[in-house]
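Spelled out from the first residue to the last, the chains are:
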Amino acid sequence: MVRIGIVGAGIRGSLFARALTQHADVEVAAICDRNGALARSVAGQHGIAAFESHTEMYAHGLDAVVVATPDFTHREPVVDAAAAGLHIMVEKPLATTGEDARAMVKAVGVAGVRAMVGFENRWNPRFIAAKELITTGQLGDIVGQIMHLNDTRFVPTEMLSWSAKSSPVWFLMPHTLDLVRWLSGKTVRSVYAQGVKKVLTAEGIDTWDSVDVGLTCTDGTTATLHSSWILPVSNPAVYDLRCEFVGTRSALRIEGADQGLSLLADRLTWPQWGVQERGGRIAGFPVDMAHDFADYVLGRIDDVPTMADGLIVTTTLAAVDESLRTGQPVPLNALEV
């Protein structure tokens, strides 16, 4: 039996708490959040302890923790968890600076604990199927990749209270950059980014509206990432995910937001079933990811996104930020990886 605590009682933390209560070999023992009322509310749903401090919770006799706090706040709870000898799952991105990412990787290495990064699309059935097609050679050698991942303006203006401390680079591109690396097996050697600031700054949110990134891989092939979070709220889903892989033998297109259901009412919507509920239990790829974390801690599996994966994604996106700042291409060896 693994005793797990959850750091962060927001949308993701509460989802992981519920998902892990369904694992036969897990006891979700506690949850913490700086918003004590929120922590107590989620704790009350599961009959577990609530804390306002992760350090207090770590002394509660845990074996592992899930860190589901805002992207830029991962370092302290992860480093402290490693020092306490706790196994760790941390939400993507690992960090939003190379310094923070390297500190976490070092802490985990020194402690010798198991740690994984929550790149949840590796559990998405669409991308599992794509991985099989690519791995078995049906596309040949991949020469080009195009990844669109966008959100409606609801996300930076209403869903997130901290969007001014983030951007499409950090909130959206960790997903697509990880998919580029995982699906194709390519290594990025340089980045060139351009972005637009207009809509959100006019509303007092100082962040990028839209960012486009050109990636050059070590084998000379390329990939393009496009992310914005100012789509109209009339978009059929709160997000838009479209991917294309072009190979020497064939091409592959993946529609991520249209999940096969179209609801025609006052406007067209695409109901999402990434997480479904039946008989009081939930299922879906974020649930599968949480369960695999427990099995990873138990030593049953090892094929999970590693801290090294998280470090590469963070340092690559830090290079994207540098390219946005300078307007110049940035080779990955220009930053300490």
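A quick note: this is a predicted structure, and the numbers were derived from the prediction, not measured. Within any chain, residue numbers begin from 1 and follow the written order of that chain's sequence. In keeping with the predicted nature of the model, local features appear solely for residues at pLDDT of at least 70, side-chain atom pairs appear and are counted solely at 80 or more, and the whole-chain, interface and lining totals rest on all residues. Excluding hydrogens and water, the side-chain values take into account all heavy atoms of the structure.

**Student:** Honestly, the packing of aromatic side chains in this entry has me stumped. Any pointers?
**Tutor:** Pairs of aromatic rings are described using the distance from one ring centre to the other and the angle between the two planes. Centres within 6.5 Å make a pair out of two Phe, Tyr or Trp rings, where for Trp the six-membered ring is used; the pair is then stacked when the planes are under 30 degrees apart, edge-to-face when over 60, and tilted otherwise. By the definition in use, this model includes 3 aromatic pairs. Relative to tryptophan 229, the ring of phenylalanine 171 lies with its centre 5.9 Å away and its plane at 35°, an arrangement referred to as tilted. In this pair, phenylalanine 171 is assigned in helix H8 (residues 168–171) and tryptophan 229 in the loop between strand S10 (222–228) and strand S11 (239–247), connecting sequence segments 58 residues apart. Linked through ring pairs, Phe72, Trp162, Phe171 and Trp229 together constitute an aromatic cluster. Across the ring face of phenylalanine 171, the terminal group of lysine 92 is positioned such that the distance to the ring centre comes to 4.9 Å. Distance and angle both matter: a charge sits over a ring if NZ of Lys or CZ of Arg is within 6 Å of the ring centre and within 35 degrees of the ring normal. If you follow lysine 197 out to its NZ or CZ, it ends over the ring of tryptophan 208, 4.9 Å from the centre. Every helix listed is a DSSP run of H or I at least four residues long, and every strand listed is a run of E at least two residues long, numbered separately from the N terminus.

**Student:** Got a minute to help me understand the sheet that holds strand S8 (residues 188–196) in this structure?
**Tutor:** Strand pairing in a sheet relies on backbone hydrogen bonds. The paired strands run either parallel or antiparallel. Strands sit in the order S12-S11-S7-S10-S9-S8-S17 across an open sheet of 7 strands; the sheet is mixed. Edge positions in the sheet fall to strand S12 (251–255) and strand S17 (330–331), since each has one partner strand and no second. Only strands that DSSP links by at least two bridges are regarded as paired with each other. Across 7 bridges, strand S9 (residues 210–217) lies against S10 in antiparallel orientation. Along S10, the bridge assignment pairs aspartate 212 with histidine 226. Contact criterion: two residues are considered in contact whenever any of their non-hydrogen atoms come within 4.5 Å of each other. As a rule, the C-alpha atoms of each element are fitted with a line to give its axis, helices using only the stretch in contact, and angles between N-to-C directions run from 0 to 180 degrees. Packing against the sheet, helix H9 (residues 173–184) makes contact with strand S7 (142–151), S8, S9, S10 and S11, and its axis sits at approximately 155° to S7. Lying on the sheet, helix H12 (residues 307–326) is in contact with S8, S9 and S17; it crosses S8 at an angle near 45°.

**Student:** Got a minute to help me understand the side chain of threonine 176 in this structure?
**Tutor:** For threonine 176, the location among the structural elements is in helix H9. Classification of residues uses two cut-offs on accessible area relative to the type maximum, computed with a 1.4 Å probe and protein chains only: under 20% is buried, over 50% is exposed, and between them is partly exposed. The class of threonine 176 is buried, set by a relative accessible area of 1%. Apart from the residues lying within four places of it in its own chain, the contact partners of threonine 176 are Met147, Leu149, Leu225 and Leu241.

**Student:** In this structure, what is going on with the pattern of salt bridges? I would like to understand it.
**Tutor:** Between side chains of opposite charge, a pair can form when the charged atoms approach closely. Each salt bridge in this description consists of a side-chain nitrogen of Lys or Arg and a carboxyl oxygen of Asp or Glu lying within 4 Å of one another. Scanning the entire structure with this criterion turns up 20 salt bridges. Residue glutamate 120 pairs with arginine 12 through a salt bridge whose shortest N-O separation is 2.5 Å. Taken together, the residues span a long stretch of sequence, with glutamate 120 in the loop between strand S6 (115–118) and helix H6 (125–135) and arginine 12 in helix H1 (residues 11–21) at a distance of 108 residues. The closest approach of N and O atoms between arginine 114 and aspartate 302, which form a salt bridge, is 3.1 Å. Here arginine 114, found in the loop between helix H5 (98–111) and S6, pairs with aspartate 302, found in the loop between helix H11 (285–297) and H12; they are 188 residues apart in sequence, far enough to count as distant. Three or more residues are tied together by salt bridges with common partners; here these are Arg122, Asp178, Arg181 and Asp309.

**Student:** Which parts of the structure should I look at to understand the pairing of strand S15 (residues 275–278)?
**Tutor:** As a general feature of sheets, a regular strand has side chains that alternate between the two faces. Of the strand pairs in this sheet, S15 and strand S16 (residues 281–284) are connected by 4 bridges, and their pairing is antiparallel. Residue pairing in the sheet places arginine 278 in a bridge with arginine 281 of S16. Linking S15 back to S16 in an antiparallel pair, the connection comprises 2 residues, with glycine 279 at a positive phi of about 60°.

By themselves, these are just geometric observations and shouldn't be taken as functional.
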